[in-house]
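Analysis of the macromolecular model
Below, each chain spelled out in residue letters.
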Amino acid sequence: MKKLIYPFLLVLFCSCASLAQRQMEYLDRGLIAVKENNGKVFVSWRVLGTDLDGIAFNLYRKSGEQSPIKLNENPITGATNFIDFKADSNVNNSYFVKSILKNKETEEAGSFTIAAKAPIQQYLAIKLKSIAGYQPNDVSVGDLDGDGQYDIVLHQAGRGRDNASTGLTDPPIFQAYKLDGTLLWEINLGKNIREGAHYTQFMVYDLDGDGIAEFACKTADGTKDAKGTVIGDATKNWVDTDPRSRTFGKIITGPEYFTVFSGKTGAALATTDYIPSRGNIGEWGGLGGNGRNDNTGNRVDRFTACVAYLDGVRPSVVMCRGYYGRTVLAAYDFRDGKLTTRWVFDSENAANPYSGMGNHNISVADVDQDGKDEIIFGAMVVDDNGKGLFTTGFRHGDAIHVSDLDPEIPGQEVFGVHEIEDGTKGPGVVLYAATDGKVLFTAQDNTDVGRGVAANIDTTRVGAQMWWSGGNGLYDIKGNKIGPNPSSVNFLIHWDGDASRELLNSNNIDKYGKGRIFTATGASSNNGSKSTPALSADILGDWREELILRSTDNTELRIYSTTIPTVIKQYTLMHDAQYRLGIAWQNVGYNQPPHTSFYMGKGMKPAPKPNIKLTPAKK
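Every chain is numbered independently, its residues counted from 1 as its sequence is written. Given that the model is predicted, a residue must reach a pLDDT of at least 70 before its local features are reported, and side-chain atom pairs must reach 80 or more before they are shown or counted; all residues, however, enter totals for whole chains, interfaces and linings. The basis for every side-chain value is the complete set of heavy atoms in the structure, and neither hydrogens nor water enter the calculation.

An unreviewed UniProt entry lists the protein chain under the name Rhamnogalacturonan lyase, from Pedobacter alpinus.

This is how it looks when you write it as structure tokens:
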């Protein structure tokens, strides 16, 4: 009898697991209208991942005090963008859409108004509350007040230091803004949190499923929330202030905390001890090259972070410490106002094959297709249960890309570059199967490769292409050289009308094989030679991505949105869970572009329907 029951229960369990829906933020239509030359207005709006396939839209314009008029003759069944050639430039013009299903029109939340005197510019400007000595740096987004629109969380960065360097830093400061420029709150992490790309990782996500995003990060004595409440002991200064010390300016003693803040008010909601503690700072070495130990607070204070659906339904925060050697990942759940630890992964020491396999960045994907997420951390993958799934043994690196890069074979692939340093041997470029670590391609043997990218950028070829710094061309996903080097080895963006991606570097967007297609004049990128955007994400309009940069004078954030028409109808990329999680981790370490869970590019099939359940804020 047992032989009959157990298979049945297994099938039943698998069926139930396959039906589990991930909690996902509710979004309105994200309509945006951009004023162009010759009186034209480009309008676009989003399709939701939960929309039925037959959904269509009517687009309306209200000019001044006149009654709204419908702009389209027939229902818009294709791509959700429209060029309005007849807008009256002498009055304010408001645009809104209504969805149509089974010939029934439904009012949609959200509209966009262009003032008559608004300048002709391809961006929304968010005026910032400036802080002396600080400049805008990384951005993340989330619905902080439950209105169905994305809000901005901005890291204002003062004087910072790399972990390998001594010296004092300024306290990291975070500000939250609505898209209309309203300042929602400001949080100061205090003097006991060091400023720098490897220290200040922050997550913005709806962690408890109430329809309002939270803000979460590492905190310390003296961190002050937006209400003025201090975490820990405000009188403590754990900074090494001795200029003669090898750890001058660093914080290698004192308590460490992890805090979840309200996205709505900036108030601290829950605080717990940060896992893991520093322990012996000279015991964070591991395998190969940079895996050696130090006593200067370098390896011990290398942080990364991400959000993952570890149970397949609700998001957890994963805070990570170390990657050159010992690597520890701690998964936290925030439920009903309380923080609990789900699991802790610890590579412990150099005898562990997972030691030294982390990256300067991180990615999240359901690599085994069981409905639950894994953490792809450079040369290793940690399963949803906190156990090591596999490691390739190729050690840490600076860049990683995870997606269905080769649509001809099942599953997703991982492309990354690796630091081959201090006499170690191995490939500097590796493509491997995300499911089991099978190596599919290697290049640049025994070479330290600093940057690398994989995505479909060649509009004539199916599948992703690969290229890297120090390389000698563009390669297809099978490893064949197919063309010259792209103009940059940095970031990606969906900007024009096809499904392939464009090259984003600094304030410029290039099309492979065609050259420059957009320049954000008067705006600047971040993070020195990395030239990364404050954020690039699909936060407005149709499925194409917005580009967020700081103005060169640091007084505002500029959100650029494409005005190139497209015929592709695609639900918002933010309703693909893997892409949405990629936006959450984009700010971490050496920033990397997000990728979808499905192949996107030349020859793509319709995107699979996301298995999500929208969670609007409770009224």
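1. A short note on the overall build of the protein chain
Going along the chain from the N terminus, every DSSP run of H or I of four or more residues is numbered as a helix, and every run of E of two or more is numbered as a strand. The helix and strand inventory of the protein chain stands at 2 helices and 43 strands. Taking 25 Å as the expected radius of gyration for a compact globule of 619 residues, we find that the protein chain reaches 24 Å, a close match to that expectation. Across its three principal directions, the C-alpha atoms of the protein chain cover 70 × 60 × 60 Å. Burial status across the protein chain gives 61% buried among its 619 residues. Throughout, a residue-residue contact means that at least one pair of heavy atoms, one from each residue, lies within 4.5 Å. Put simply, of all contacts in the protein chain between residues at least 6 apart along the chain, 60% involve residues at least 24 apart. What sets the accessible areas is the Shrake-Rupley method with a 1.4 Å probe; for residues, cover comes only from the shown protein chains. Carbon and sulfur atoms make up 50% of the accessible area of the protein chain, which totals about 23,600 Å². Computed over 65 positive and 72 negative side-chain charges, the inter-centroid distance for the protein chain is 1 Å. The globule rule used here is 2.2 Å times the number of residues to the 0.38 power, and the radius of gyration it is set against is calculated over C-alpha atoms. Buried, partly exposed and exposed residues are distinguished by accessible area as a fraction of the type maximum, computed with a 1.4 Å probe on protein chains only: under 20%, between the cut-offs, and over 50%, respectively. Think of it this way: Lys and Arg go in the positive column, Asp and Glu in the negative one, and His and the chain ends go nowhere. To locate a charge, take atom NZ for lysine, CZ for arginine, CG for aspartate or CD for glutamate.

2. Section: the side chain of Asn93
Among the secondary structure elements, Asn93 is positioned in strand 7 (residues 93-101). Of note is the side chain of Asn93, whose polar atom sits 3.3 Å from the backbone oxygen of Val91. Look past the residues within four positions of Asn93 in its chain and what remains in contact with it is Arg61, Lys62, Ser63, Ala87, Asp88, Phe112, Thr113 and Ile114. The definition of a polar contact used here is a pair of N or O atoms within 3.5 Å, where within protein one atom must be able to donate a hydrogen and the other to accept one, and adjacent residues in sequence count solely through side-chain atom pairs.

3. A short note on the pattern of salt bridges
Oppositely charged side chains may form a pair once their charged atoms are brought near each other. Only one rule defines a salt bridge in this text: a Lys or Arg side-chain nitrogen within 4 Å of an Asp or Glu carboxyl oxygen. Scanning all chains against the criterion turns up 38 salt bridges. For Asp311, the salt bridge goes to Arg342, with nearest N and O atoms at 3.8 Å. Placement of the pair is Asp311 in the loop between strand 19 (303-308) and strand 20 (316-321) and Arg342 in strand 22 (residues 338-346), with a sequence separation of 31 residues. Put simply, Lys218, Glu256, Arg278, Asp301 and Arg321 are held in one network by salt bridges that share partners.

4. As for the UniProt feature "domain: Rhamnogalacturonan I lyase beta-sheet" (unreviewed entry) in the protein chain
UniProt positions are given in the numbering used here, feature names are shortened, and annotations may be inferred rather than shown by experiment. Residues given the UniProt feature "domain: Rhamnogalacturonan I lyase beta-sheet" (unreviewed entry) here are residues 22-111. With 0% helix and 43% strand, the stretch residues 22-111 has end C-alpha atoms that lie 28 Å from each other.

5. Re the UniProt feature "domain: Rhamnogalacturonan lyase family 11 C-terminal" (unreviewed entry) in the protein chain
In the numbering used here, UniProt assigns the feature "domain: Rhamnogalacturonan lyase family 11 C-terminal" (unreviewed entry) to residues 133-610. The annotated region residues 133-610 carries 2% helix and 34% strand content, and the separation between its end C-alpha atoms amounts to 44 Å.

6. What to know about the sheet that holds strand 22
Note: two strands are recorded as paired if DSSP finds a minimum of 2 bridges between them. An order of 19-20-21-22 is seen for the 4 strands of this open sheet, with the pairing classed as antiparallel. A single partner strand is all that each edge strand has here, and the edge strands are strand 19 and strand 22. Here the average twist between neighbouring strands, direction ignored, is 20°. For helices, the fitted axis covers only the stretch in contact; all axes are lines through C-alpha atoms, and the angles between them, taken along N-to-C directions, range from 0 to 180 degrees.

7. Quick word on the side chain of Asn58
Following the sequence through the fold, Asn58 ends up in strand 4 (residues 56-63). Of the polar contacts made by the side chain of Asn58, one reaches the side chain of Glu105; its length is 2.7 Å. Excluding residues that lie within four positions of it along the chain, Asn58 makes contacts with Lys70, Asn72, Pro75, Phe96, Val97, Lys98, Ile100 and Glu105.

8. Section: the packing of aromatic side chains
Any pair of Phe, Tyr and Trp rings, taking the six-membered ring for Trp, is counted once the centres come within 6.5 Å. Such a pair is stacked with planes under 30 degrees apart, edge-to-face with planes over 60 apart, and tilted for the rest. Tallying each qualifying case throughout the model produces 20 aromatic pairs. Measuring from centroid to centroid gives 5.6 Å for Phe215 and Phe261, while their planes differ by 40°, and the two rings are tilted. Here Phe261 lies in strand 17 (residues 257-262) and Phe215 lies in strand 16 (residues 214-219), a separation of 46 residues in the sequence. Phe261 shares its class with Phe215; the two are buried. An angle of 80° between the planes, with centres 5.6 Å apart, marks the rings of Phe345 and Tyr354 as edge-to-face. An identical accessibility class is assigned to Phe345 and Tyr354; each is buried. The rings of Phe174, Trp185, Phe202, Phe215 and Phe261 are connected pair by pair, giving a single aromatic cluster. Sitting over a ring, as applied to charges here, requires NZ of Lys or CZ of Arg to be within 6 Å of the ring centre and within 35 degrees of the ring normal. Positioned over the ring face of Trp284 is Arg326, at 4.3 Å from the centre of the ring.

9. Re the nonpolar core
What makes a nonpolar core is a set of buried Ala, Val, Leu, Ile, Met, Phe, Trp, Tyr and Cys residues whose side-chain atoms join them at distances within 4.5 Å. With 106 residues, the main nonpolar core has Ile152 and Leu329 as its most contacted residues. If one sorts the elements of this core by residue count, helix 2 (residues 577-585) sits on top with 6 residues. Those residues in contact with Leu329 that sit more than four places away from it in its chain are Val318, Met319, Cys320, Trp343, Val344, Phe345, Ile375, Phe377, Met380 and Val382.

10. Section: the sheet that holds strand 33 (residues 474-476)
In spatial order, the strands read 31-32-33-34; together these 4 strands make up an open sheet with antiparallel pairing. Looking at which strands have only one partner, the edges of the open sheet turn out to be strand 31 (452-455) and strand 34 (481-483). On average, adjacent strands in this sheet sit at an angle of 35° to one another, irrespective of strand direction.

11. Topic: the pairing of strand 2 (residues 32-35)
Side chains Ile32 and Val34 of strand 2 all project onto a buried face; the interleaved residues Ala33 and Lys35 project onto the opposite face, where all are buried too. Relative to strand 3 (residues 41-44), strand 2 is paired through 4 bridges, and the arrangement is antiparallel. When the sheet's bridge partners are listed, Ile32 is paired in strand 3 with Ser44. Between strand 2 and the antiparallel strand that follows it, strand 3, lie 5 residues; Asn38 among them carries a positive phi value of about 65°.

12. Notes on the state of the cysteines
Count a disulfide wherever a pair of cysteine sulfur atoms falls within 2.5 Å. The full count for this structure, using the stated rule, is 0 disulfides. The thiol sulfur of Cys217 is not disulfide-bonded, and the nearest other cysteine sulfur, from Cys320, lies at 15 Å. Not part of a disulfide, Cys320 finds its nearest cysteine sulfur in Cys306, a span of 5.2 Å. The buried category is assigned to Cys320, whose relative accessible area is 0%.

13. Section: the environment of Asp538
Its location among the elements puts Asp538 in the loop between strand 40 (535-537) and strand 41 (546-551). In this structure, the C-alpha to C-alpha distance between Asp538 and Gly30, residues 508 residues apart in sequence, is 9.9 Å. If we skip the residues at most four places from it in the chain, Asp538 touches Tyr150, Trp543, Arg544, Glu545, Glu546, Thr572, Leu573, Met574 and Tyr579. A polar side-chain atom of Asp538 sits 2.9 Å from a polar atom in the side chain of Thr572. Here Leu573 takes part through its backbone nitrogen, which lies 2.9 Å from a polar atom of the side chain of Asp538.

14. Looking at unusual backbone geometry
In the segment running from Ile275 into Pro276, the intervening peptide bond is cis, with an omega of 0°. Mapped onto the elements of the fold, Pro276 is located in the loop between strand 18 (268-273) and strand 19. Phi at Gln444 takes a positive value of approximately 55°, unusual for a residue other than glycine. Here Gln444 lies in strand 30 (residues 439-445). Under the relative-accessibility criterion, Gln444 is labelled partly exposed at 24%.

15. Structural notes on the environment of Asp373
Tracing the sequence through the fold places Asp373 in the loop between strand 23 (363-365) and strand 24 (374-377). Residues Asp373 and Asn385, 12 residues apart in the sequence, show an inter-C-alpha distance of 9.3 Å. Every residue in contact with Asp373, bar those within four places of it in the chain, is listed here: Arg22, Ala308, Tyr309, Leu310, Val364, Ala365, Asp366, Asp383, Asp384 and Leu581. A distance of 2.8 Å separates a polar atom in the side chain of Asp373 from the backbone nitrogen of Tyr309.

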